[in-house]
Amino acid sequence: MSLPAAPRSRLSLAPLALLTACGGGVGQVEVTTWAEETVIEGIATDDGWQVDFDHWVTGFGEIVLSSVDKGDAVAEAEGPWVADWAQADALLPVTTIDEVPADRHDFGFSTHVVLSSSTPVNDVPADVLEVMLNEGYAQHIAGVATKGDQSVAFSWGFPTAVSYGPCTNGQDGTDGVAVNEDEATEAQIWFHADHLLWDELGTEEAGLAFDAIAAADADADGTVTSEELEAVDVVAAGYETAGVDVADLFDFITFSVSQMAHLNGGGGCTARGYEGGHDHDH
Ligand SMILES: [Ca+2]
């Protein structure tokens, strides 16, 4: 073979695929997000409720690409952003991260309280944003559930910030995202809305339930609040906590929602921030 005399040349040894992954150049990561069709179409539970959403607003940001080997950040996009999944019928563009070293990177991000600087990535209701800013909510979810002639409204704010990552890539089961030189790689942050109605933790195969939530309307005003959910013993209501320290139904839902984010479809992410038994008074 006759090659230019380059010291330690990868050209002489590496096949093309390795060159594009390790050539020392940079690429882009295009970040998109959505919560599947479920928030728009509503969720049918196993106990006979149709749960429809008026809004499901989430604040998020702090996207970090980091070295799979060393864990140090190589590229970041702070945001913050905010989205209403009840009005997202397809993947929403969030941001494009430039100058990302061409390599495989772990992918992480956070959900956190909506800030006045949060950029809406779709049409987020102004009155909901105002409530979230005033109350310090990371997520706010409201809607109506119906079963036969029963109709129960719900409106819940979640202050919990959750840090996600590293994430498995749901498209191929690999770690994070692979960035190739001079190419754009898409990273999709998926929120699985069905976690809201799970009756079991520690599995992605939980049942979907609303009977206990509907029954929590202690003042019978037709709307279930987070305070009313806090008065429900989650084990007595038939929920399976899988050893997670959640005592009441709002704790349970808060924890389950904290596990809802995935990468590229169903790729699991390590979630930190909600350990159960949290900060409200009992
Ligand atoms: Ca009520």
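Residues numbered from 1 in each chain as written. Predicted model: local features only at pLDDT ≥ 70, side-chain atom pairs only at ≥ 80, totals over all residues.

Across its full length, the protein chain holds 6 helices and 16 strands. For the protein chain, the residues scored as buried account for 39% of the 282 residues in total. Long-range pairs, those at least 24 residues apart, make up 72% of the contacts in the protein chain with a sequence separation of at least 6. (Helix = DSSP H or I, 4+ residues; strand = E, 2+ residues; numbered from the N terminus. Buried ≥ 20, exposed ≤ 12 C-beta atoms within 10 Å, placed from the backbone. Contact = placed C-beta atoms within 7 Å.)

Okay, the sheet that holds strand 13 (residues 184-191) next. Within a sheet, neighbouring strands are paired by backbone hydrogen bonds and run either parallel or antiparallel to one another. Taking strand neighbours across the sheet as the criterion, the 4 strands line up as 6-1-13-15 in an open arrangement whose pairing is mixed. Each having just a single partner strand, strand 6 (92-101) and strand 15 (261-263) make up the two edges of the open sheet. With strand direction ignored, the average angle separating the axes of adjacent strands in the sheet is 25°. Across 7 bridges, the pairing between strand 1 (residues 26-34) and strand 13 is parallel. The residue bridging V29 from the neighbouring strand is T185, located in strand 13. (Pairing = 2+ DSSP bridges. Axes fitted to C-alpha atoms, helices over the stretch in contact; angles between N-to-C directions.)

Note the cis peptide between G79 and P80, where omega equals -5°. Among the secondary structure elements, P80 is positioned in the loop between strand 4 (73-77) and strand 5 (81-84). For the bond running from G165 to P166, omega is 0°, close enough to zero to count as cis. Looking at the secondary structure, you find P166 in strand 11 (residues 162-167). Positive phi is not limited to glycine here, since E99 has a value of about 55°. Relative to the assigned elements, E99 resides in strand 6.

Here helix 6 (residues 249-258) lies mainly inside the structure; 10 of its 10 residues are buried. All buried positions along helix 6 are accounted for by L249, F250, D251, F252, I253, T254, F255, S256, V257 and S258. On its buried side, helix 6 packs onto strand 9 (139-147), strand 10 (150-158), strand 11, helix 4 (211-215), helix 5 (226-230) and strand 16 (269-272).

Turning next to the environment of S256. Turning to its location among the elements, S256 is positioned in helix 6. C-alpha of S256 to C-alpha of G202: the two residues are 54 residues apart in sequence and 9.0 Å apart in space. Excluding its chain neighbours within four sequence positions, the residues that come into contact with S256 are H195, L196, W198 and L201.

Per-chain confidence: the protein chain averages 89 in pLDDT, with 89% of residues scoring 70 or above. Segment residues 1-22 is flagged for pLDDT under 50; beyond a separation of four residues in sequence, or across chains, it makes 14 contacts in the model. Within the model, pLDDT remains below 50 along residues 277-282, and this stretch shows 6 contacts once partners closer than five positions in the same chain are excluded. (pLDDT = per-residue confidence, 0-100.)

Our next topic: the nonpolar core. Ranked by size, the top nonpolar core spans 77 residues in total, and within it W56, W85 and L249 carry the most contacts. Looking at which element gives the most residues to this core, the answer is strand 3 (residues 50-67), with 8 residues. Look past the residues within four positions of W56 in its chain and what remains in contact with it is A35, V39, D84, W85, A86, I141 and A193. (Core = buried A, V, L, I, M, F, W, Y, C linked by C-beta atoms within 7 Å.)

Turning next to the environment of A86. With respect to the helices and strands, the residue A86 is situated in the loop between strand 5 and strand 6. Residues A86 and V57 lie 29 residues apart in sequence; the distance between their C-alpha atoms is 7.9 Å. Other than its neighbours up to four places away in sequence, A86 contacts V39, I40, F53, D54, H55 and W56.

What follows covers the pairing of strand 1. Here strand 1 runs beside strand 6; their pairing, made up of 7 bridges, is antiparallel. The partner of V29 across the bridge, within strand 6, is I97.

Moving on: the pairing of strand 4. Here strand 3 pairs with strand 4 via 4 bridges, running antiparallel. Across the sheet, S66 pairs through a bridge with A73, a residue of strand 4. Connecting strand 3 to the antiparallel partner strand 4 that follows it, the hairpin turn spans 5 residues, and G71 within it adopts a positive phi of roughly 80°.

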